Amino acid sequence: MSMELKKAIDQISKDRGLDREMLIDTLEEAVRTSVVRKFGDDLDVEVSFNEETGEIEVFQFKIVTKEVENEVTQISLEEAREHDPSVQLDDEMGFRLKVEDLGRIAAQSAKQVIIQRMRDAEQEIIYDEFKDRLGDIISGIVQRRDKSGWIINLGRTEALLPKDEQIPREHYKRGDRVQALIIEVRKEGRGPQVIVSRSHPDYMSALFKREVPEVDDNTVVIMNVARDPGSRAKAAVMSRDRDVDPVGACVGIRGSRIQNIVQELRGERIDIVVWSADVATYARNALSPATISRIIVDEDENMLEVVVPDDQLTNAIGRKGQNVKLASKLLGWKIDIFTESRYNEANAIGKGLEQLASVAEVPLEVFVEAGFQTIESLRNATDEELESVPGLTASKISDLRTAINFLSSAVGDTSDEHSAHAEEEEVAPEGNVDGEETE
């Protein structure tokens, strides 16, 4: 019977991947706990596993005294010398206890402790295994759905694919095999919780690493990824080897590599963008396929003003603002899109305001603070409204009106043009994009 215990320990260690010494320590601690529960906390007991016999040995220790005050911890000198004639006062004597004498309840308690310790050890091993696999792609079987998302069976444990980490409009059923990226491993009371994602930008990066050898060996680097999961994505790449085309490497012969990734992402269209340290060049690449006339970089505001030909506005912004939104995410910059006609018009008005301020001998900022930001607003203002502007006298107002009439005829009445742009905006709006769809 005793050797069966040794075989059981060896088998459990092999089957569950648990450390054999840990199992023995757990077994010894469980028996010790049961002994203490039966005989009390005062009991001085030592438990050990005998490798040769395969038995659990339990020894109780008592102090040799003249008078016994506590029979659990002490033994009289006379009684002690019946066991060992050479024993002296204050010596410590050990007496072997039979494990069978613990009783059924104590044995059951020991079994529960062993099972719990084994479970804790197994969960710790699983946690240590998966916490070191953050950023790895795993494959599992869809097991069930709960209120948090889909539960994926990974074999030794389960993973959770939360609703907000799924690709929109992607449906699963029980038994489907699914791949995802490990993004978090939590320690919870019921065991380690592995959180996976299919919509995370890093999932696309991991897919490129798996499908493209040049990415795996770091010849081609994925600099950033911006995704509208299930619809469209942009990936910025660069090559560390001038002889390796980063876009061609990622696309593969006849698109074989990129198609494998697109297929895994359920048809998500992917634009491969060449990364550049120059933000203007990077932005031109990111806004492809639109043709860009010029880009004005405002580093203080982390903003780009992008000017496109009038017929390229739709391409630059994209369907529901998707193209410029993804470009903005990819660069990490705010992007304003202007058509050439509107940009030139805004510049003409801005220069005109500066000229009017110069004629009136009033700083441009004073006009702006007073609410006059266009030539049109100044032309429609009454004398009383203009007199409220600090520094404007009656003679200056007269000079101002003469200059306004001259500039208005030079620039032209822009009210019709603004209406045309407003109509254009309903189809493909111009405006700031900072992670939000353009309304």
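Residues numbered from 1 in each chain as written. Predicted model: local features only at pLDDT ≥ 70, side-chain atom pairs only at ≥ 80, totals over all residues. Heavy atoms only, no water.

Comments concerning a positive patch on the surface
Applied cut-off: Note that patches include only residues with greater than 30% relative accessible area and no salt bridge, and the join distances are 9 Å for like charges and 5 Å for nonpolar side chains (Val, Leu, Ile, Met, Phe, Trp, Tyr). Using the Shrake-Rupley algorithm and a 1.4 Å probe, accessible areas are obtained, with residue cover drawn only from the displayed protein chains. Whenever a carboxyl oxygen of Asp or Glu lies within 4 Å of a side-chain nitrogen of Lys or Arg, that contact is scored as a salt bridge. Positive: Lys, Arg. Negative: Asp, Glu. His and the chain ends are not part of the count. Where a charge lies is defined by one atom per residue type: Lys uses NZ, Arg uses CZ, Asp uses CG and Glu uses CD. Strands here are runs of E lasting at least two residues and helices are runs of H or I lasting at least four, both read from the DSSP assignment and numbered beginning at the N terminus.
Where like charges cluster on the molecular surface, the positive patch consists of R169, R269, R319 and K320. Secondary-structure assignment places R169 in the loop between strand 7 (158–162) and strand 8 (177–188).

Some points on the environment of A80
Just so we agree on the cut-off: Working definition: with a 1.4 Å probe on protein chains only, accessible area under 20% of the residue-type maximum means buried, over 50% means exposed, and in between means partly exposed. Only heavy atoms enter the contact rule, under which two residues are in contact if any of them lie within 4.5 Å.
By the element assignment, A80 lies in helix 3 (residues 77–83). Owing to a relative accessible area of 0%, A80 belongs among the buried residues under this scheme. Expressed as a C-alpha distance, the spacing of A80 and V64, which sit 16 residues apart in the sequence, is 6.9 Å. Residues within four places of A80 in sequence aside, it is in contact with V64, I75, V87 and M93.

A few points about the pattern of salt bridges
Counted by the stated rule, this structure contains 13 salt bridges. Between K131 and D132 there is a salt bridge, with the nearest N and O atoms lying 3.4 Å from each other. Between E214 and R257 there is a salt bridge, with its nearest N and O atoms 3.0 Å apart. Here E214 is found in helix 6 (residues 213–216), whereas its partner R257 is found in helix 8 (residues 256–264), with 43 residues between them in sequence. The exposure class assigned to E214 is partly exposed, which follows from its relative accessible area of 21%. Look at R257 and you get partly exposed, because its relative accessible area is 22%. Put simply, E170, R198, E264 and R266 are held in one network by salt bridges that share partners.

Some details on unusual backbone geometry
Here the bond from S288 into P289 is cis, since omega is 15°, no more than 30 degrees from zero. The residue P289 is located in the loop between helix 9 (279–286) and strand 13 (294–298) in this model. Positive phi, close to 60°, is recorded for R266, a residue that is not glycine. Summarising the element assignment, R266 is placed in the loop between helix 8 and strand 12 (269–274). A positive phi angle, near 55°, is found at K320, a position not held by glycine. Mapping K320 onto the fold places it in the loop between helix 10 (313–317) and helix 11 (322–331). With a relative accessible area of 54%, K320 lands in the exposed category.

A few points about helix 8
The α-helix winds at 3.6 residues per turn, so residues separated by three or four positions along the chain end up facing the same way. What counts is decided by this rule: For this quantity, the arc is that covered by the directions from the helix axis to the C-beta atoms.
Listing the buried residues of helix 8 in full gives I258, I261, V262 and E264. For helix 8, the angular spread of the buried residues around the axis is 165°, confining them to a single face. Buried residues along helix 8 sit against strand 8, helix 5 (201–211), helix 7 (246–251) and strand 12. R266 occupies a position one or two residues after helix 8 and carries a positive phi of about 60°.

Thoughts on the sheet that holds strand 10 (residues 220–228)
Strands pair in a sheet through their backbones, by hydrogen bonds, and they do so in one of two ways: parallel or antiparallel. Filter applied, for reference: In this analysis, strands are considered paired if DSSP registers two or more bridges between them. All axes are obtained by fitting lines to C-alpha atoms, using only the stretch in contact for helices, and the reported angles, taken between N-to-C directions, cover 0 to 180 degrees.
On the basis of which strands lie adjacent, the open sheet formed by three strands has the order 10-11-12 and mixed pairing. Strands with a single pairing partner mark the edges of an open sheet, and in this sheet they are strand 10 and strand 12. Taking each pair of neighbouring strands and ignoring which way they run, the sheet shows an average axis angle of 20°. Note: strand 11 (residues 232–239) against strand 12, six bridges, orientation parallel.

Some details on the environment of S398
Within the secondary structure, S398 sits in helix 16 (residues 394–411). A sequence separation of 38 residues divides S398 from A360, and the C-alpha atoms of the two residues are 9.2 Å apart.

A word on the environment of R266
Rules: N or O atoms within 3.5 Å of each other form a polar contact, as long as, within protein, one can give a hydrogen and the other can take it, and as long as residues adjacent in sequence are counted only when both atoms are side-chain atoms.
Placed 96 residues apart in sequence, R266 and E170 show a C-alpha to C-alpha distance of 7.9 Å. If near-sequence neighbours (up to four positions away) are discounted, R266 is found in contact with E170 and R198. There is a polar contact of 3.2 Å between the side chain of R266 and the side chain of E170. Here E264 takes part through its backbone oxygen, which lies 3.3 Å from a polar atom of the side chain of R266.

So, helix 9
What helix 9 keeps buried is the set V279, A280, Y282, A283 and A286. Here the buried residues of helix 9 occupy an arc of 160° about the axis, which is enough to place them on one side. Against strand 10, strand 11, strand 12, strand 13, strand 14 (303–308) and helix 11 lie the buried residues of helix 9.

What is shown is where atoms sit, not what they do.
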